[in-house]
Amino acid sequence: FAQFGTWGYAGAIIAAFAMIWLADTKLLNTGEKILLSWLFKGLITLMLIATAGAMLSGSGEIAALVLPFQYSHWIGLVTTLAVAWWLAYHTDSGLAWLGRGLLAILFVLLLAALSLPGSNTTVLSESTPLQALSRSLCYSGFNAALLIPVLQKRHSGQYRANLIGMGGIFASLLCVGNLAFRLHPEILHETMPFVVLANQLGKTGFYLCALSLYIAILSTLTACLRGLGKNWLALACVVIVSFFGFGAVVEHAYTFVGALCFILLLIAKFLNCPGRAFISQTNML
C-alpha cells in the first residue's frame, strides 16, 4: 500500500473493512442457481490452487536462503507441504497458534523498523484515489476468500466476532507497515522490500523476517489445503503451480485472482442466498 502514497492508509483501512464484509457471506449452494454455484466453486478453487502453489514455492525459496546445504529448497518445500497437510486435517488449533506467533513477530519487526532513521529519498509519486481503491478491493477479495474455508464452520456469532477482531488487527498491521515503508521509499521497488527493511536491523532482523515470512506461508498454505479438501488432483495442481516460482505466480495471478474473488463474493452477498457456505462432495469450497 505504500506505493500509493498518502492514499495507502485509506486503501489499507478500506481493504480491512471490505474483507470483513465480504467474508461474512453465505455463498451459493444448490437449487435454481446451480450453474452459478459451480462457477463460484471453480473460481475459488482456482484461487486456492494458485495461492497454495505460490506459498509452496515460497517455502522452498526461504529454506534456500536460511539453510546452508544442498537441496535445501526441495527439503523446505516437501517438509512445508507435509506440515501444512497435517495442520489442515489433524489439528484445529494449529492455525491459531501460527497466527499468534506471526502477529507477535510482525509487530516487533515493524516497531523496530519505525525506530530506524528515515530516508531523505523522495517518496514515489502520489497515486490517485481510484488506484488505491481498486487495489484495496482486490486485496480484500483475495483475503476474504482465504478466510471463508477456515471460519465457515464456526457459530455465526463467534464467526462475526472473529472477523471484526481480524479486521482490526489487519488494518493496524497494514497502517503501521505503510508508515514504515513510507519512511524508506527507496526500497519499494525491491522484489521483497520487507526483507530489505529487516536487513537494516542486522542478522537478528533478517532471521526474524525469514521466520515471519515462513509462518505466513505455512498458515496460508494450511488454509488453502483445508479449503480444497482431501482432493489429490487439486494437490497435484498445487505442486505443478509451485514449479512456476513464487515471484511469477504473485506478479501475474494475485491481483487478477483477487479481483475475481471480490466480484464473486460481491455477487453472493447481494444475491443473499439462504443456507451455509457451499461445500462440494469433494469437500472443496
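As the structure is a prediction and not an experimental result, all values here were calculated from the model.

Calculation criteria
- Residues numbered from 1 in each chain as written.
- Predicted model: local features only at pLDDT ≥ 70, side-chain atom pairs only at ≥ 80, totals over all residues.
- Heavy atoms only, no water.
- Helix = DSSP H or I, 4+ residues; strand = E, 2+ residues; numbered from the N terminus.
- Buried < 20%, exposed > 50% of the residue type's maximum accessible area, 1.4 Å probe, protein only.
- Contact = heavy atoms within 4.5 Å.
- Areas by Shrake-Rupley, 256 points an atom, 1.4 Å probe, with all protein chains shown as cover.
- Expected span 1.5 Å × (residues − 1).
- Phe/Tyr/Trp six-rings, centres within 6.5 Å; stacked < 30°, edge-to-face > 60°.
- pLDDT = per-residue confidence, 0-100.

### Thoughts on the overall build of the protein
When you go through the protein residue by residue, the secondary structure sums to 10 helices and 0 strands. Ordering the α and β elements of the protein from the N terminus gives α-α-α-α-α-α-α-α-α-α. Going through the 285 residues of the protein one by one, you find that 48% of them count as buried. Expressed as a percentage of contacts within the protein between residues at least 6 apart in sequence, the contacts between residues at least 24 apart total 83%. In the form shown here, the protein has an accessible surface area of approximately 14,300 Å², with 68% of it arising from carbon and sulfur atoms.

### A short note on unusual backbone geometry
One non-glycine residue with positive phi stands out, namely Y71, at about 65 degrees. Mapped onto the elements of the fold, Y71 is located in the loop between α2 (34-66) and α3 (72-90). Judged by its relative accessible area of 55%, Y71 falls in the exposed class.

### Here we look at α3
The end-to-end C-alpha distance of α3, which contains 19 residues, comes to 26 Å, matching closely the 27 Å that a straight helix rising 1.5 Å per residue would cover. Inspection of α3 places S72, G76, L77, T80, L81, A84, W85, L87, A88 and Y89 among the buried residues, and these make up the whole buried set.

### A few points about the packing of aromatic side chains
Scanning the entire structure with this criterion turns up 5 aromatic pairs. Linked through ring pairs, W85, Y89 and W232 together constitute an aromatic cluster.

### Concerning helix α8 (residues 203-228)
End to end, α8 covers 37 Å across 26 residues, agreeing with the expected 38 Å (1.5 Å per residue, within 8%). Within two residues after α8, G229 carries a phi angle of roughly 80 degrees, on the positive side.

### Focus: the side chain of S136
One can find S136 in helix α5 (residues 129-151). If we skip the residues at most four places from it in the chain, S136 touches F1, G11, I14 and A15.

### Observations concerning the confidence of the model for the protein
Chain-level pLDDT for the protein is 77 on average; 81% of the residues reach the 70-or-more range. Mean pLDDT across the elements of the protein ranges from a minimum in helix α7 (residues 193-199), with 75, to a maximum in helix α9 (residues 232-242), with 90. Overall, residues 273-285 carries pLDDT values under 50, and its contacts beyond four positions in sequence, including any with other chains, amount to 40 contacts.

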